[in-house]
Protein chains: 2
Amino acid sequence: MTAALISSIASLRRQLTHVRQANHTIGLVPTMGALHAGHVRLLEQARVDCETVVASIFVNPLQFDRPDDLQRYPRTLEADRELCDRIGVDFVFAPSVDEIYPGAPECTVNVGRLADHLCGRFRPGHFASVATVVMKFFDIVQPQRAYFGEKDAQQLAIIRRMVADLNVPLQVIGIATVREPDGLALSSRNLRLSPEERALATALVRALRQADSAVAAGERDPAAIQRAAVATIPADPALRLEYLELVDPVDMQPVERIDKPVLVAGALWVGSTRLIDNLLSTPKATPQ
Amino acid sequence: MTAALISSIASLRRQLTHVRQANHTIGLVPTMGALHAGHVRLLEQARVDCETVVASIFVNPLQFDRPDDLQRYPRTLEADRELCDRIGVDFVFAPSVDEIYPGAPECTVNVGRLADHLCGRFRPGHFASVATVVMKFFDIVQPQRAYFGEKDAQQLAIIRRMVADLNVPLQVIGIATVREPDGLALSSRNLRLSPEERALATALVRALRQADSAVAAGERDPAAIQRAAVATIPADPALRLEYLELVDPVDMQPVERIDKPVLVAGALWVGSTRLIDNLLSTPKATPQ
């Protein structure tokens, strides 16, 4: 079966009207394309769960805070579509920027304090733009289920909160991060790394694992854990740690003391590429 | 037929699932209750247009900028329900505040510059809260059509813009303002006026009609029109004009020169009650 490639909102809605009239469930996997094995996991899960699967491919200009990042973002539509075919995706929705933004939007989604820390602190407006475009795709596709990768943990937490706060009638499903054998989290931006940068890029997951071990070993002080984790990053001029923080996995606020599962998340610049990753760490039970 | 009174989101959604599976169209009339002949027009139009009509009654605390206004807002649920029965409304959705806001929302709708003028200038945050709660009701009910009164012109313009910007899959229908024989626009807040205040309250529509006549007569300068209109308001200590402005009817921005239809809108305090009203004025064609 060939996935139908659709670029207009009206055409997609027409097709999905038939799907809905047949009472088929719709699963949406919103992506920016350059699909990798992490996306494959999302698409495969949607394929298992839903009668109709829509993959959207849209590099949303509004959520990029740096023009060079937008310009350099990989675009591989032909390969993406073939991959969607193989997985049995029903509709690949790849609209133009003008189709999604006929003008600059005035009404947008505000994401409150969930964007105050982690990536949100360094990318002003980024998550509001992500939430806005995701809300648009939710309203265009009206899926019963939507799939997001846990690698983008803050994005996932914000989408979950948006769905709850605005009563969006769908279920948000988070899918575990897929990693290379050496631990590097899959990301479309990995395509940009030189071989030397690729070798250095595992510094982030190693720092996160150091923090995870400390949490598991019973350390309760986030600052101490953070210091020890940051100390594992090699002093290489190509590497610059943007943040490494321990936050509550639901409201994305820093924790004072670790007494329940905590999200350890970081952003690392490797040359001119910014990579993010995270782990959910569970403290060992306190002996009574 | 009796309109079903429903207070839980889950229960309303369950009922509407059957409606949707039967491919019936749903019309939503969102209200704050204290229904009057203006609301009746909205409900009757929905009844004509749609197979299933939902009237929501919810006094949204977040959109009130003054605690006394919230406290004094009229609540007449029994009468509202009887009126809905008479019109043949299918579902009266009257949730509690806790049902709509189990906690303070973090993700809300931002309305941009459409709230910069008119009421938005005097009621900071009001329209963002209106847009947020309306978005919630849209997502709870998922109607094909939603009905709003033109009396709240800025609200209507903002809802239209939100629907366009976020691709909300429904049609927004504006319904003409219903007026008393002396011109006073119907409003739930009219219930609060003393007989003396009621007599004074027509000052607003008279000022708007003065502006409308000037526009129709060919005056092109908004400032001149505004001055002449404001001058018609009696110098009574019970009256205080908050604003009287001429704006573009779509983007709610002030106009420099009147060469197409313009919204003339005002807010007048009558004692401790704030009333709003507006007219859409069309300039006479320029002789060539």
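Rules used throughout
- Residues numbered from 1 in each chain as written.
- Chains lettered and ligands numbered in written order.
- Predicted model: local features only at pLDDT ≥ 70, side-chain atom pairs only at ≥ 80, totals over all residues.
- Helix = DSSP H or I, 4+ residues; strand = E, 2+ residues; numbered from the N terminus.
- Rg over C-alpha atoms; globule rule 2.2 N^0.38 Å.
- Contact = placed C-beta atoms within 7 Å.
- Nonpolar A, V, L, I, M, F, W, Y, C, P; charged D, E, K, R; others polar.
- Pairing = 2+ DSSP bridges.
- Axes fitted to C-alpha atoms, helices over the stretch in contact; angles between N-to-C directions.
- Least-squares fit on C-alpha atoms with pLDDT ≥ 70 in both.
- Domains from an automatic or database assignment.
- Buried ≥ 20, exposed ≤ 12 C-beta atoms within 10 Å, placed from the backbone.
- Core = buried A, V, L, I, M, F, W, Y, C linked by C-beta atoms within 7 Å.
- Parallel < 35°, antiparallel > 145°, perpendicular 65-115°, else oblique.
- Left-handed = near helix turned anticlockwise from the far one by under 90°.
- pLDDT = per-residue confidence, 0-100.

> Which residues make up the overall build of chain A, and what values go with them?
Check the secondary structure of chain A and you find 11 helices and 10 strands. For chain A, the C-alpha radius of gyration of 19 Å lies close to 19 Å, the compact-globule estimate for 288 residues. Projected onto its principal axes, the C-alpha positions of chain A cover 55 × 45 × 40 Å. By sequence separation, contacts in chain A at least 24 residues apart represent 71% of the contacts at least 6 residues apart.

> Outline the interface of chain A and chain B, supporting the account with residue identities and numerical values.
Interface size is commonly expressed as the accessible surface area that is lost when the partners come together. Between chain A and chain B, the residue contacts involve 26 residues of the former and 26 residues of the latter. When contributions to the side of chain A that touches chain B are tallied by element, the ones reaching two or more residues are α1 (9–21), β5 (108–110), α7 (126–141) and α8 (153–165) of chain A. Considering only residue class, the side of chain A that touches chain B consists of 13 nonpolar, 7 polar and 6 charged.

> A description of the sheet that holds strand β4 (residues 91–93) of chain A should follow, citing residues and the corresponding values.
All names here are of chain A. Overall, parallel pairing links the 6 strands, which are arranged β1-β4-β3-β2-β6-β7 in an open sheet. The open sheet has two edge strands with one neighbour each: β1 (4–6) and β7 (171–175). Across the sheet, the mean angle separating the axes of adjacent strands is 25° when strand polarity is ignored. The sheet contact formed by strand β2 (residues 26–31) and strand β3 (residues 52–57) spans 6 bridges and is parallel. The partner of P30 across the bridge, within β3, is S56. Strands in contact with helix α2 (residues 37–49) are β2, β3, β6 (145–149) and β7; relative to β6, the strand with the most contacts, it is inclined by about 160°.

> Explain the relation of the copies chain A and chain B residue by residue, including any values.
Structural alignment of chain A on chain B gives an RMSD of 0.0 Å, achieved by rotating through 180° and translating 0.0 Å along the axis. The superposition operator between the copies reduces to a two-fold rotation axis. When each C-alpha of chain A is compared by its distance to the rotation axis, V109(A) comes out closest, at 2.4 Å. When you check the interface residues of chain A against chain B, 100% turn up at the interface there too, and the contact is symmetric in its surfaces.

> Let's hear about the sheet that holds strand β8 (residues 239–247) of chain B: which residues, and what values?
All names here are of chain B. Taking strand neighbours across the sheet as the criterion, the 3 strands line up as β8-β9-β10 in an open arrangement whose pairing is antiparallel. Unpaired on one side and paired on the other, β8 and β10 (273–281) mark the two borders of the sheet. Put simply, the sheet's adjacent strands are angled 15° from each other on average, direction ignored. Bridge count between strand β9 (residues 262–270) and β10: 9 bridges; the pairing is antiparallel. Paired with G266 across the bridge in β10 is D277. Relative to β10, helix α10 (residues 203–216) is tilted by about 20°, and along the sheet it contacts β8, β9 and β10.

> Break down the domain arrangement of chain A for me, with residues and values.
Residue and element names in this part refer to chain A. When the domains of chain A are assigned, the result is domain 1 (4–175) and domain 2 (188–280). Relative placement of domain 1 and domain 2: their C-alpha centres are 26 Å apart. Taken together, the contact between domain 1 and domain 2 spans 14 residues of the former and 19 residues of the latter. Put simply, the parts of the chain that give the side of domain 1 that touches domain 2 at least two residues each are α6 (119–122) and α8. Looking at the side of domain 1 that touches domain 2 element by element, the count peaks at 3 residues for α8.

> Quick one: what's the story with the pairing of β9(B), residue by residue and with numbers?
All names here are of chain B. Counted residue by residue, β9 has 8 buried out of 9 residues, so it is predominantly covered. With 8 bridges connecting them, β8 and β9 associate as antiparallel partners. Pairing of E245 across the sheet is with A265, part of β9. Hairpin connection from β9 to β10: 2 residues lie between these consecutive antiparallel strands, with G271 at a positive phi of about 60°.

> I'd like a description of the pairing of β6(A), backed by residues and values.
Residue and element names in this part refer to chain A. Counted residue by residue, β6 has 4 buried out of 5 residues, so it is predominantly covered. The sheet contact formed by β2 and β6 spans 2 bridges and is parallel. Within β6, the residue paired with G27 across the bridge is R145. Bridge count between β6 and β7: 5 bridges; the pairing is parallel. For R145, the partnering residue across the bridge sits in β7 and is Q171.

> Lay out the nonpolar core with the relevant residues and their values.
Counting residues in each nonpolar core, the largest one holds 161 residues, and the members touching the most others are A131(A), M162(A), A131(B) and M162(B). In contact with A131(B), other than residues within four places in its own chain, are C107(A), V109(B), V111(B), I158(B), I159(B) and M162(B).

> Talk me through the packing of helix α7 (residues 126–141) of chain B against helix α8 (residues 153–165) of chain B; I want residue IDs and the actual numbers.
All names here are of chain B. Contact pair α7 / α8: the axes reach a minimum separation of 10 Å and the direction vectors enclose 55°. Looking at the two axes, α7 sits oblique to α8. The two elements α7 and α8 cross, and the hand of that crossing is right-handed. In contact with F127, V130, A131, V134 and M135 of α7, α8 contributes Q154, Q155, I158, I159 and M162.

> Account for the confidence of the model for chain A, with residues named and values stated.
On average, residues of chain A carry a pLDDT of 96, and 99% of them reach 70 or more. Predicted complex metrics record ipTM = 0.95 and pTM = 0.96.

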